[in-house]
Amino acid sequence: AQSVAQPEDQVNVAEGNPLTVKCTYSVSGNPYLFWYVQYPNRGLQFLLKYITGDNLVKGSYGFEAEFNKSQTSFHLKKPSALVSDSALYFCAVRDLLNRDDKIIFGKGTRLHILP
Amino acid sequence: NAGVTQTPKFQVLKTGQSMTLQCAQDMNHEYMSWYRQDPGMGLRLIHYSVGAGITDQGEVPNGYNVSRSTTEDFPLRLLSAAPSQTSVYFCASRGGNSNQPQHFGDGTRLSIL
């Protein structure tokens, strides 16, 4: 069965510094991987995805993520953090070997950008 | 475009009451799903549907029923509410290919007393 782990409940970063939000996954086949962001009292919004091809994928709001198959990781990154990046971030995975088409989410990481 | 619309936004129920959480999407998406979000637990999949007339269970289906009579609507029913079902519920939809991202509604905040 597929699973996804976000090892940090909270990440604090000073404004202007680079940020990383970690995600590791476990699948039986090849993965589809996604990052979403959630602002207070709102639903999740899609940031970026890895399907195949280039390991570095770029998404919305200047975010990017690097797919690392050997480490089974898909960490979210941004070169220079903004206070407005403060939100809850979720990693999600779809195991292509499973026919049930389920997408499983991690527990989320709260990102605080300090002014 | 309305996207994914969930109603109501807030609801308070007493233990044992029943209710239906509504979800509608106007993007002609085949795939729809229900999640619950609890502190420290992330999003957990309750039920999902890959098309009209087809539903399947997720990680935490007990206590919830769903049906999918049309492409647009995917209601979630609580037959006999329990305090453990206090949560924020999100409905999502996406196109037929599983490499497509999901579109989420803004949630229903449900309290069971």
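A. A look at the nonpolar core. Residue and element names in this part refer to chain A. Judged by nonpolar contacts, the single largest core of 27 residues is most densely connected at Leu 19, Trp 35, Leu 47, Leu 48, Phe 74, Leu 76 and Tyr 89. Of all the secondary-structure elements, those providing two or more residues to this core are β2 (10–14), β3 (19–21), β5 (31–38), β6 (44–50), β8 (64–68), β9 (73–78), β10 (87–95) and β12 (109–114). Element by element, the count of residues in this core is highest for β10, at four residues. Residues in contact with Leu 19, not counting those within four places in the same chain, are Val 13, Phe 63, Leu 76, Lys 77, Lys 78, Ala 81, Asp 85, Leu 111 and Ile 113.

B. Spotlight on the pattern of salt bridges. All told, the structure shown has six salt bridges over all chains when counted by the stated rule. Residue Lys 58 of chain A is joined to Glu 64 of chain A by a salt bridge in which the shortest nitrogen-to-oxygen separation is 2.9 Å. Using a relative accessible area of 64% as the deciding quantity, one classes Lys 58 of chain A as exposed. For Glu 64 of chain A, a relative accessible area of 18% translates into the label buried. Between Arg 36 of chain B and Asp 38 of chain B there is a salt bridge whose closest N-O contact spans 2.8 Å. Judged by relative accessible area, Asp 38 of chain B falls into the buried class, the value being 11%. Here the salt bridges share partners, and the residues they tie into one network are Arg 36, Asp 38 and Arg 44 of chain B.

C. Quick peek at the interface of chain A and chain B. On the side of chain B, 24 residues touch chain A, which itself brings 23 residues to the contact. Summing both partners gives a buried area of about 1,900 Å² for chain A against chain B, and 51% of it is carried by carbon and sulfur. On the chain A side of the contact with chain B, Asp 101, Ile 103 and Phe 105 of chain A bury the most area, a combined 25% of that side's loss. At the junction of chain A with chain B, the criterion picks out one salt bridge. Between Asp 106 of chain B and Arg 42 of chain A there is a salt bridge, and its shortest N-O distance comes to 3.0 Å. For the pair chain A and chain B, the number of links is seven residue pairs in polar contact (both at pLDDT 80 or more). Elements with a minimum of two residues in the side of chain A that touches chain B: β5, β6, β10 and β11 (104–105) of chain A. Ranked by residue count, the leading element in the side of chain A that touches chain B is β5 of chain A, at four residues.

Cut-offs applied
Each chain carries its own residue numbering, running from 1 in the written order of its sequence. Whichever chain is written first becomes A and whichever ligand is written first becomes 1, with later ones labelled in order. With the structure being a predicted model, the display of local features is reserved for residues of pLDDT at least 70 and the display and counting of side-chain atom pairs for 80 or more, all residues being used for whole-chain, interface and lining totals. Computation of side-chain values: all heavy atoms of the structure, hydrogens and water removed. The term nonpolar core refers to a set of buried residues drawn from Ala, Val, Leu, Ile, Met, Phe, Trp, Tyr and Cys, joined through side-chain atoms within 4.5 Å. Relative accessibility decides the category of a residue: with a 1.4 Å probe and only protein chains considered, values under 20% of the type maximum give buried, values over 50% give exposed, and everything between is partly exposed. Only runs of H or I of at least four residues qualify as helices and only runs of E of at least two qualify as strands under DSSP, and these elements are numbered from the N terminus. Contacts are residue-level and defined by heavy atoms, with any inter-residue pair within 4.5 Å sufficient. Any Lys or Arg side-chain nitrogen found within 4 Å of a carboxyl oxygen on Asp or Glu counts as a salt bridge. Accessible area, probed at 1.4 Å, shrinks when two parts are joined; the buried area is that loss added up over both. What qualifies as a polar contact is a pair of N or O atoms within 3.5 Å, subject to a donor-acceptor requirement within protein and to the restriction that residues adjacent in sequence count only when both atoms come from side chains.

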